[in-house]
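A structural walkthrough
Residue strings, one per chain:
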Amino acid sequence: MVHTAYDSIELFNDCPKKINAVQYYGSNLLVACSDGSLRIYGSESANRSPSPDLFSQTLGLKKELYVLERTVNGFSKKQVLALEVLASLGLLLSLSESIVFHRLPNLETLAVISKAKGANLYAWDDKRGFLCFARQKRVCIFRHNGGRGFVEVKELGVPDTVKSMCWCGENICIGIKRGYIILNATNGAPTEVFQSGRIAPPLVVSLPSGELLLGKIRSLRVPYPLMQTIVIRNVRGIQQGNNGIIVSLDQSIYGLFPVPLGAQIVQLTASGNFEEALVLCKLLPPEDSSLRATKEQSIHIRYAHNLFENGRYEDAMEHFVASQVEITHVLSLYPSIVLPKLLLSSESEKKADLAGDSYLLRGSPVASDDVDSSPTCLLESDDIPTLEPKKMGHNILMALIKFLLKKRPNIVGKAAAESTAEVVLDAVGHTFVLNESSQLKKSTKGRVNAPTDSGAREMAAILDTALLQALLPTGQAVAALDLLKGFNYCDLNICEEILQKGNHDSCLLELYKYNSMHREALKLLHQLVESATSDEPKVARSQKFNPEMIIEYLKPLCGIDPMLVLEFSMLVLKSCPTQTIDLFLSGNIPADLVNSYLKQHAPSMQASYLEHILSINENGISQNLQNEMVQIYLSEVLDWYSDQMDQKTWDEKIYTPTRKKLVSWLQNISEYNPEVLLKQIPADALYEERAILLGKMNQHELALSLYVHKLHLPEMALSYCDRVYESEVNRKAEGNIYLILLQVYLTPQRTTKKIEKRINNLVSSPSSGDLKIGWSSIKGKGRGLGKKIAEIEGAEDKRMRASSSDGDIHNDFIEEEPMIMPDEVLDVLRQRWERFHGPKALRLMPKETKLQKLYPFLGPLMRKTSESYRNFSVIKSLRQYESLQVKDELYIKRKTELKITAESVCSLCNKNIGTSVFAVYPDGDTISSASASASQVLVLIEERYYICCRRSSLEFLYPTRVQTQPELE
């Protein structure tokens, strides 16, 4: 539908002659007629208040009739083809048989360019005062000389007859035939631009910006709609004025005056031409920016409703975005979208709704001639038709998604800024309360069902909740999952219900996780894992759930809620034992806490956990945990031992996997309590375990006796000695552990009963703590008991001296029967000869031992001893020689001589030494004089410093200072 963009007004219609050209000057019209006359017309209002100046300087045409004010007959001998007012020079240019310049306002002839005779068109450059005109195939250039005349500059040739032309900087753009040429005004070099087309001749128009508008005319069709049709017949020419368009006919002149933009916008909006209305809004002056924004917003909203009603949903959303309308206005078109309830009171809601309606549903200004920004120019909300709710199809939801995604960054950003402001205010101790002026309120901490307390966060909650509901039905589960994983304000209750109904399990998990509802999330995840592994009919799910997902979920919670981690890790401990134990370790959950929880809820996995943690770092767990782990294995071994004894199938040489682990951990860890474990081992079995525990208690003789006489494993006895010897503490004992092994081999008379008796004594003896308590109580009873206690302790020390790691090995327990020399003794001596103390080892040998048998031991030992003696002798000689060299060097240094001549100068006073007493500094070159009034003697002391002896004092002369000592007697 067209609208009125220009009002057509007939300015006059009584011109007796045919009109050839029209030009306006001020508010007057200059009309050149076919008889060569110039008729001057003025408005009726100007004639009612005549001015002494014939040409009124009031700019612009007027919407009224014009009357003839003056006729200049004989203005031109021939009819005038064109007129142009040169306002900067105050001249009128006319083109007839030649080009003539007239001075305004008297119209007297100023200059005539006779060379322009036969010219068909011209172009004037007002900035430089240059005139060019075309005549046939020639272009002539003239320059205004600043006075009354014009000077010819150049004449240039062109390929064809010029049909249009204008200045383009210092060049001339001309149109010939069906093309355009840029002509260099200096040298006449032509440059082709492009063809103008076949429909219309070339047209060149100079724009105020300095650019050129070149016509390539084409047929007008869609999308070039017709805006307005003005019926004026026999139009001879159209010229643009400063505030309108002048249309010339044969005997009349019409003025086309633009309708005010405000009125045009109202017409276009009312007729549904919203795009044209928005274009006109851009043309409103900058001083009316607020009115323009209001009009544009209203038009965008009305246009969006129109597009939405016609099924163009995406286009409608683009205009909703441009209107900056509240998202609740758009969401009202989607009745199936469930929105969270606002926290405002009902009265506040009504006020807000009324205010929002008046703001959002503003219409366009009413038709008026002036642009007005008053509220009376706004349409009421009733002017916007009420839309019926649409069915939630794919396209309509996709359009909503795009709208919400465009609005989201701004809204969520404002909500985050409010939350940050609250945190800062809380940190400094301020509390704000939400009142009628929408001030901030101190919010409850936490996101679980936390009410949003401000407009920005309310809008953010509405937006994210609606966005999630739009994403799910359109098959964009991945986008919905990304929304829930990131920072969001989705309403918990609404989204939880929707996700549960739609079986969107992954999204529901992220919703719980984001709102710190970890227990609910883990319960759901466990149900999904159980459902995936069960044989029951399964619900079709887009994602496969496995126990590893529970472990991955628990990892970030180790430092937040370790008890929750332990609780739900029990659900996957059996199916994923390694990953679960790694979870405990990587999460830095205290080992004692994990062990206690496993002991109560999963005792079968307790040993695996302790094994794993010990394999990583033996020192990483406490003594209590080491005792716990060994106790677990020992209990299993003892149960196995009991079963074997009941079945009478016990064999000491059989090692189950659990017993192997027990032996391995008893040997490798060191923080457990061996005394406690030793009491649990039966007396007639588990000899290797008992030997290891006795070794941990430094009872080496008993341990070796078990290896030799009970287990009959000499290689294990030797390995035991090697371990003890290689430890840093026992290496200083000069191989006493091997001497103990020799004693065990050489005294087989020590029966098993005696060994068991000593072991029983160790097992039944009180702990070190109990001994200390007993000692304190006895000591308090009197001093007379001290001697007896000392004797008892001394006797015990004497009895255990052989098993000690320090001191000599005595034959306190060797019986009077002759000792046996087993082959194992010779093997030990041969294999470990370098670790024995030779005299002590020989002292243990039986008297009947032949030296030939000891050759494998004594041979390398003697060679090593001799070699060591020779090495020490050489080292001693070298050190003596070095000492002599040092003494010789000292002697040479002390023989240094110094010659005093007549030119010798004191280093302190710079005077000649002469016959004065002098002192020499340790460097041997620096000297200083002393007073000759007293007898002085120079003495060289051991430290190579010189001293000067006087009657009163001793002066120690150092390189940098002199220290005075008290007088010597």
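Here the structure is shown first, and the text comes after it.
Structure report, in brief. Predicted, not measured: the structure shown is a model, and the values here were computed from it.

Moving on, we come to the overall build of the protein chain. Counting secondary structure elements, the protein chain contains 32 helices and 28 strands. The buried share of the protein chain, taken over its 969 residues, is 40%. Long-range pairs, those at least 24 residues apart, make up 54% of the contacts in the protein chain between residues at least 6 apart in sequence.

A few words on the sheet that holds strand E1 (residues 6–12). Strand order in the open sheet formed by four strands is E1-E22-E21-E20, and the pairing between neighbours is antiparallel. Looking at strand neighbours, the two that pair on one side only are E1 and strand E20 (237–240), the edges of this open sheet. Taken over all neighbouring pairs, the strand axes of this sheet differ in orientation by 25° on average, direction set aside. Pairing geometry for E20 and strand E21 (residues 245–248), over four bridges, is antiparallel.

What the rule picks out here adds up to zero disulfides. The thiol sulfur of Cys 140 is not disulfide-bonded, and the nearest other cysteine sulfur, from Cys 132, lies at 9.6 Å. A relative accessible area of 0% means that Cys 140 is categorised as buried.

We now examine the environment of Glu 497. Considering the arrangement of structural elements, one finds Glu 497 in helix H11 (residues 492–501). Classification of Glu 497 as partly exposed rests on a relative accessible area of 43%. Remark: the alpha-carbon pair of Glu 497 and Leu 508, spanning eleven residues in sequence, is separated by 9.3 Å.

Structurally, the position occupied by Ser 904 is in the loop between helix H32 (855–894) and strand E23 (918–920). By relative accessible area, which is 11% here, Ser 904 ends up buried. Reaching out from Ser 904, the side chain makes a polar contact with the backbone nitrogen of Thr 901 at a distance of 3.0 Å. Apart from residues no more than four positions distant in its own chain, Ser 904 is found in contact with Lys 899, Lys 911, Asn 912, Ile 913 and Ile 927.

Another aspect to go through is the packing of aromatic side chains. Inspection of the entire model under this criterion finds 16 aromatic pairs. Judged by centre distance (5.2 Å) and plane angle (70°), the rings of Phe 308 and Tyr 313 are edge-to-face. This pair shows no difference in class: Phe 308 is buried, exactly as Tyr 313 is. Judged by centre distance (5.8 Å) and plane angle (45°), the rings of Tyr 707 and Tyr 720 are tilted. Taken together, the residues Tyr 707 in helix H23 (residues 700–710) and Tyr 720 in helix H24 (residues 714–726) connect sequence positions 13 residues apart.

Let us now look at the pattern of salt bridges. For side chains of opposite charge, pairing can occur when their charged atoms come near one another. This model, assessed by the stated rule, comprises 20 salt bridges. Lys 282 serves as the salt-bridge partner of Glu 296, at 3.3 Å between the closest nitrogen and oxygen. Remark: Lys 282 occurs in the loop between helix H3 (274–281) and helix H4 (289–309) and Glu 296 occurs in helix H4; sequence separation between them is 14 residues. The buried category is assigned to Glu 296, whose relative accessible area is 14%. For Lys 282, a relative accessible area of 56% corresponds to the exposed category. One salt-bridge network, held together by shared partners, links Lys 115, Arg 135, Arg 138, Glu 152 and Glu 155.

Buried residues dominate strand E22 (residues 253–258), accounting for five of its six residues. As defined by bridge partners, E1 adjoins E22 across six bridges and the pair is classed as antiparallel. When the sheet's bridge partners are listed, Asp 7 is paired in E22 with Phe 257. Relative to E22, E21 runs antiparallel, the two being bridged by four bridges.

Our focus in this paragraph is a negative patch on the surface. Residues Glu 636, Asp 639, Asp 643 and Asp 646 make up a contiguous surface patch of negative charge. The topology assignment puts Asp 643 in helix H19 (residues 623–646). On the basis of relative accessibility, which here comes to 44%, the residue Asp 643 falls in the partly exposed class.

On to the sheet that holds strand E3 (residues 28–33). Strands sit in the order E2-E3-E4-E5 across an open sheet of four strands; the sheet is antiparallel. Each of the sheet's edge strands pairs with one partner strand only, and the pair in question is strand E2 (19–25) and strand E5 (66–72). Adjacent strand axes in the sheet meet at a mean angle of 25°, parallel and antiparallel pairs treated alike. Bridging between E2 and E3 involves six bridges; their strand directions are antiparallel. For Tyr 25, the partnering residue across the bridge sits in E3 and is Asn 28.

Residues that lie three or four places apart on an α-helix share one face, since the helix turns once every 3.6 residues. All of the buried residues in helix H16 (residues 577–586) are Thr 580, Ile 581, Leu 583 and Phe 584. Within H16, the buried residues cover an arc of 150° as seen down the axis, which keeps them to one side. Close packing links the buried residues of H16 with helix H14 (547–554), helix H15 (562–569), helix H17 (591–601) and helix H18 (606–616). Looking one or two residues beyond H16, the residue adopting positive phi is Asn 588, at roughly 55°.

Membership of the largest hydrophobic core comes to 160 residues, with the highest contact counts inside it found for Tyr 334 and Leu 742. In this structure, Leu 742 is in contact with Val 825, Val 828, Leu 829, Phe 836, Ala 841, Leu 844 and Met 845, ignoring residues within four places of it in sequence.

The terminal C-alpha atoms of helix H8 (residues 394–427), which comprises 34 residues, lie 47 Å apart, in line with the 50 Å expected from a rise of 1.5 Å per residue. The largest bend along H8 measures about 45° and falls at Arg 408, with the proline Pro 409 one to four residues further on.

It is worth spelling out unusual backbone geometry at this point. Note: most peptide bonds trans; most residues except glycine with negative phi. Of the consecutive residues Leu 104 and Pro 105, the connecting peptide bond is found in the cis state with omega at 10°. Position of Pro 105 among the secondary structure elements: in the loop between strand E8 (99–103) and strand E9 (108–113). Positioned with a positive phi, Gln 324 is a non-glycine residue whose angle comes to about 55°.

Our next topic: the environment of Ile 301. By the element assignment, Ile 301 lies in helix H4. Relative accessible area serves as the criterion here: at 0%, Ile 301 is assigned to the buried category.

Moving on: the packing of H23 against helix H26 (residues 736–746). The N-to-C vectors of H23 and H26 enclose an angle of 50°; their axes lie 9 Å apart at closest approach. Taken together, the axis directions place H23 and H26 in an arrangement best described as oblique. Regarding H23 and H26, the two cross each other, and that crossing is right-handed. Contact residues: His 700, Glu 701, Leu 704, Ser 705, Val 708 and His 709 in H23; Ile 737, Ile 740, Leu 741, Val 744 and Tyr 745 in H26. Tallied by class, residues from the contact of H23 with H26 come to seven nonpolar, three polar and one charged.

Thresholds, definitions, all that
Residues numbered from 1 in each chain as written. Predicted model: local features only at pLDDT ≥ 70, side-chain atom pairs only at ≥ 80, totals over all residues. Heavy atoms only, no water. Helix = DSSP H or I, 4+ residues; strand = E, 2+ residues; numbered from the N terminus. Buried < 20%, exposed > 50% of the residue type's maximum accessible area, 1.4 Å probe, protein only. Contact = heavy atoms within 4.5 Å. Pairing = 2+ DSSP bridges. Axes fitted to C-alpha atoms, helices over the stretch in contact; angles between N-to-C directions. Disulfide = S-S within 2.5 Å. Polar contact = N/O pair within 3.5 Å; in protein donor to acceptor, adjacent residues only side chain to side chain. Phe/Tyr/Trp six-rings, centres within 6.5 Å; stacked < 30°, edge-to-face > 60°. Salt bridge = Lys/Arg side-chain N within 4 Å of Asp/Glu carboxyl O. Patch = residues over 30% accessible without salt bridge, like charges linked within 9 Å, V, L, I, M, F, W, Y side chains within 5 Å. Areas by Shrake-Rupley, 256 points an atom, 1.4 Å probe, with all protein chains shown as cover. Lys, Arg positive; Asp, Glu negative; His and termini not counted. Charge placed at Lys NZ, Arg CZ, Asp CG, Glu CD. Arc of directions from axis to C-beta. Core = buried A, V, L, I, M, F, W, Y, C linked by side-chain atoms within 4.5 Å. Expected span 1.5 Å × (residues − 1). Bend = angle between axes of the 7 residues up to and from the residue. Parallel < 35°, antiparallel > 145°, perpendicular 65-115°, else oblique. Left-handed = near helix turned anticlockwise from the far one by under 90°. Nonpolar A, V, L, I, M, F, W, Y, C, P; charged D, E, K, R; others polar.

Remember, this is a structural readout, not a statement about activity or role.
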